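Geometric and topological summary
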Amino acid sequence: MWLLAAIAIGLLLLVEPTSPQMLRAAAAYGIFGLVGFLAQMVVAMEARLLPMVNWFWVYAASDYRVAPPSPHAMRDRFLQAIVFIGWAAGVPSLAAGMFFESATLVSVGAWPLFAAVVLAAIDNVFVVIPARKCHVAENWPAA
């Protein structure tokens, strides 16, 4: 959704002459493209890849004898829902704040994004802890 918004604003910036309003639209374009699409895509891929890697680590630690629970069961669904709400509310508020040059709207958008990132990090720790418990130092994969 945010990629489509960035594309639409980008096309508008391409055809419209430079003006103060277009400069504000460029700020919203940056938020939609970089924060709304790119950063959110990185976070979404991490939410899928980290449990899968953790599953392999735990399975390897058991010498491939006992399959761990599914990677889909490793995430806390309640935390994921809060993170989703934070991103869904934060990105448009942050973009609106940049467009309207409103520090209040930027703050209203930035705080849910900050909370979403912190909660996603906490959820990541909860995903990695079982793998850490299953490994001794010499079996931990090299970074």
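Refer to the structure printed above.
Just so we're clear, the structure is a prediction, and the values are computed from it rather than from any experiment.

Re helix H1 (residues 2–15)
Note that an α-helix has 3.6 residues per turn; residues three or four places apart therefore point the same way. Counted at 1.5 Å a residue, the expected span for H1 with its 14 residues is 20 Å, and the 20 Å between its end C-alpha atoms agrees. Regarding H1, the residues found buried are Trp2, Ala6 and Ile9. Along the axis of H1, the buried positions cluster into a sector of 70 degrees, meaning they face one direction only. Facing away from the buried surface of H1 by more than 90 degrees, the exposed residues are Leu4, Leu11, Leu14 and Val15. Here the buried face of H1 lies against helix H2 (20–61) and helix H3 (77–99).

What about the pattern of salt bridges?
When their charged atoms lie close together, side chains carrying opposite charge are able to pair. As enumerated under the stated definition, the model contains 2 salt bridges in all. Ionic pairing is found between aspartate 123 and arginine 75, a salt bridge with its closest N-O pair at 3.2 Å. On the criterion of sequence distance, the pair formed by aspartate 123 in helix H4 (residues 103–134) and arginine 75 in the loop between H2 and H3 is long-range, its members being 48 residues apart. Of the two residues, aspartate 123 and arginine 75, both sit in the buried class.

Side note on H3
Relative to the 33 Å expected for 23 residues at 1.5 Å per residue, H3 spans 33 Å between its end C-alpha atoms, a close match to the ideal helical length. When H3 is considered as a whole, its buried residues turn out to be Leu79, Val83, Gly86, Trp87, Gly90, Val91, Ser93, Leu94, Ala95 and Gly97. Residue aspartate 76 occupies the N-cap position of H3, its side-chain oxygen lying 2.9 Å from the main-chain nitrogen of phenylalanine 78. Phi for glutamate 101, located one or two positions after H3, is positive at around 55 degrees.

Some words on the packing of aromatic side chains
By the definition in use, this model includes 6 aromatic pairs. Relative to phenylalanine 56, the ring of tryptophan 55 has its centre 5.2 Å away and its plane inclined at 85 degrees; by these criteria the two rings are edge-to-face. According to the relative accessible area criterion, tryptophan 55 is buried, its value standing at 19%. Its relative accessible area of 47% is what places phenylalanine 56 among the partly exposed residues.

Here's the deal with the nonpolar core
Ranked by internal contacts, the top residues of the largest apolar core, which has 15 residues, are Ile9, Phe32, Val83, Trp87, Val91, Ala95 and Leu113. Going through the elements one at a time, H1, H2, H3 and H4 are the ones with two or more residues in this core. Top contributing element to this core by residue count: H3, with 5 residues. In contact with isoleucine 9, not counting residues within four places along its chain, are Ala25, Ala28, Tyr29 and Phe32.

Cut-offs applied
Residues numbered from 1 in each chain as written. Predicted model: local features only at pLDDT ≥ 70, side-chain atom pairs only at ≥ 80, totals over all residues. Heavy atoms only, no water. Helix = DSSP H or I, 4+ residues; strand = E, 2+ residues; numbered from the N terminus. Expected span 1.5 Å × (residues − 1). Buried < 20%, exposed > 50% of the residue type's maximum accessible area, 1.4 Å probe, protein only. Arc of directions from axis to C-beta. Contact = heavy atoms within 4.5 Å. Salt bridge = Lys/Arg side-chain N within 4 Å of Asp/Glu carboxyl O. Polar contact = N/O pair within 3.5 Å; in protein donor to acceptor, adjacent residues only side chain to side chain. Phe/Tyr/Trp six-rings, centres within 6.5 Å; stacked < 30°, edge-to-face > 60°. Core = buried A, V, L, I, M, F, W, Y, C linked by side-chain atoms within 4.5 Å.

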